[in-house]
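Listed here are the chains, written in short residue letters.
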Amino acid sequence: MYAFRPVTPGDLDLVCRHRHEMFKASGRSDEVLAPMTAAFRPWLEPRLASGAYFGWIALADDAPVAGLGMMVIDWPPHPSHPEQGERGYVLNVFVEPGHRGRGLAKALMELATDEARHRGIAYMVLHATQMGRPLYEGLGWRASSEMTLSL
Ligand SMILES: CC(C)(COP(=O)(O)OP(=O)(O)OC[C@H]1O[C@@H](n2cnc3c(N)ncnc32)[C@H](O)[C@@H]1OP(=O)(O)O)[C@@H](O)C(=O)NCCC(=O)NCCS
C-alpha cells in the first residue's frame, strides 16, 4: 500500500511542513513555530541540494504521507564510537495523522539505519518527542546523558 522514495530538493516545502507539524504535535503553537520554520527553509535549501540533508518520503497513491530526515554530523571520537569522527542524526520524523499506527515510522527508521550501516556509521542520535519515544525504544534506542542550556 505504501511506497518509499528518497527526499529530493523538490521536497523543500514538504520537509518544512513536516518539521513544523512535528513540533506542533508536541504542543507548540503555529505562532511559536513560525520563526523557526521561516529560518529552517533557507537553512535546508542548500543542504538538500548538496545531499548533506537526506532522507525518505512515504507515499500513498503517490501522495506524501510521512517523512524522515537524516544527516551525518561531525563529532569527535567517543567511547560509543571510538574510531569514528561522525554520527548519524535522524530528524523531522513525521507521519500524517490518518496514516499513523501502520508501521510507517518504523519503516522509515529502518531505511535510516540501513543507510547508516551502508555508510559505515557506527552510532546514531536523535531527539525524541514524547510521542516518538515509544517508537524509538521499541527499535532499541536508549535515552542519553545530553543536557541543554538556552542562552
Ligand atoms: C511518532 C510517530 C512518528 C509514529 O509514527 P507511526 O507511523 O504511527 O509509528 P509506527 O506505526 O511505525 O509504530 C511503530 C511502533 O511504535 C509504536 N508507537 C508508535 N507511536 C506510538 C505512540 N505514540 N505510543 C505508543 N507506541 C507507539 C507502535 O505501537 C509500533 O509498535 P510495534 O512495532 O510493537 O507494533 C507519529 O505518531 C507522528 O508523526 N507523531 C507526530 C510527530 C512526532 O512526534 N514525531 C516524532 C519526532 S521525534
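Residues numbered from 1 in each chain as written. Predicted model: local features only at pLDDT ≥ 70, side-chain atom pairs only at ≥ 80, totals over all residues. Heavy atoms only, no water.

Asks: How should I be thinking about unusual backbone geometry in this particular structure?
Replies: Comment: phi is negative for the bulk of residues other than glycine, and the bulk of peptide bonds are trans. Unlike most non-glycine residues, Asp 61 shows phi in positive territory, near 50°. Non-glycine residue Asn 92 carries a positive phi angle of around 55°. When you line up the elements, Asn 92 lands in strand S4 (residues 86-95). (Helix = DSSP H or I, 4+ residues; strand = E, 2+ residues; numbered from the N terminus.)

Asks: Before we go on, may I ask you to explain the site of the ligand in this structure?
Replies: Inspection of the region around the ligand gives 20 residues, with Val 93, Val 95, Gly 101, Gly 103 and Thr 129 positioned closest. Taking Arg 102, its main chain carries an N or O atom lying 3.3 Å from an oxygen atom of the ligand. Within the backbone of Ala 105, an N or O atom sits 3.0 Å from an oxygen atom of the ligand. For the ligand, the accessible surface in isolation is 900 Å², of which the surrounding protein chains cover 70%. At the level of elements, helix H1 (12-25), S4, helix H3 (104-118) and helix H4 (133-138) are the ones that each hand at least two residues to the shell around the ligand. Here the residues of the shell around the ligand are counted per class, giving twelve nonpolar, five polar and three charged. (Near = heavy atom within 4 Å. Polar contact = N/O pair within 3.5 Å; in protein donor to acceptor, adjacent residues only side chain to side chain. Areas by Shrake-Rupley, 256 points an atom, 1.4 Å probe, with all protein chains shown as cover. Nonpolar A, V, L, I, M, F, W, Y, C, P; charged D, E, K, R; others polar.)

Asks: Even after reading the chapter, I still don't get empty space enclosed by the protein, so can you show me in this structure?
Replies: Regions of empty space are outlined by a rolling probe, equal in size to a water molecule, passed over the atoms. Inspection of the entire model under this criterion finds one cavity of 30 Å³ or more. In this model, the largest cavity occupies a volume close to 40 Å³. When residues of the lining of the largest cavity are traced back to their parent elements, those giving at least two are H1, strand S2 (54-60) and strand S3 (63-74). The greatest single-element share of the lining of the largest cavity, amounting to three residues, is contributed by S3. Counted by class, the lining of the largest cavity contains six nonpolar, four polar and no charged residues. (1 Å grid on protein atoms, 1.4 Å probe; cavity = no way out; pocket = protein on both sides within 12 Å on 5 of 7 lines; lining within 4 Å. Points joined across faces, edges and corners; volume = space filled by probe spheres on them.)

Asks: How do you make sense of H1 when you look at a structure like this?
Replies: Every α-helix carries 3.6 residues per turn, so stepping three or four residues along brings you back to the same face. End to end, H1 covers 20 Å across 14 residues, agreeing with the expected 20 Å (1.5 Å per residue, within 8%). For H1, the full list of buried residues reads Leu 12, Leu 14, Val 15, Cys 16, His 18, Arg 19, His 20, Met 22 and Phe 23. Buried residues along H1 sit in contact with helix H2 (30-50), S2, S3 and S4. Gly 27 occupies a position one or two residues after H1 and carries a positive phi of about 110°. (Expected span 1.5 Å × (residues − 1). Buried < 20%, exposed > 50% of the residue type's maximum accessible area, 1.4 Å probe, protein only. Contact = heavy atoms within 4.5 Å.)

Asks: Looking at this structure, I do not really get the sheet that holds strand S1 (residues 2-6). What am I missing?
Replies: The strands that make up a sheet are held in pairs by hydrogen bonds between backbone atoms, and each pair lies either parallel or antiparallel. Strand order in the open sheet made by the five strands is S1-S2-S3-S4-S5, with mixed pairing throughout. With one partner strand each, in any of the chains shown, S1 and strand S5 (124-126) form the two edges of the open sheet. Strand-to-strand twist in this sheet, taken as the mean axis angle between neighbours without regard to direction, amounts to 25°. Relative to S2, S1 runs antiparallel, the two being bridged by five bridges. By the bridge assignment for S2, Phe 4 is matched with Ala 58. (Pairing = 2+ DSSP bridges. Axes fitted to C-alpha atoms, helices over the stretch in contact; angles between N-to-C directions.)

Asks: In this structure, what is going on with the environment of Leu 68? I would like to understand it.
Replies: By the element assignment, Leu 68 lies in strand S3. The class of Leu 68 is buried, set by a relative accessible area of 2%. Here the alpha-carbon distance between Leu 68 and Asn 92, two residues 24 residues apart in the chain, equals 5.4 Å. Excluding residues within four positions of it along the chain, Leu 68 makes contact with Val 7, Phe 54, Gly 55, Trp 56, Val 90, Leu 91, Asn 92, Val 93, Leu 108, Met 109 and Ala 112.

Shape descriptors only; they carry no functional weight alone.
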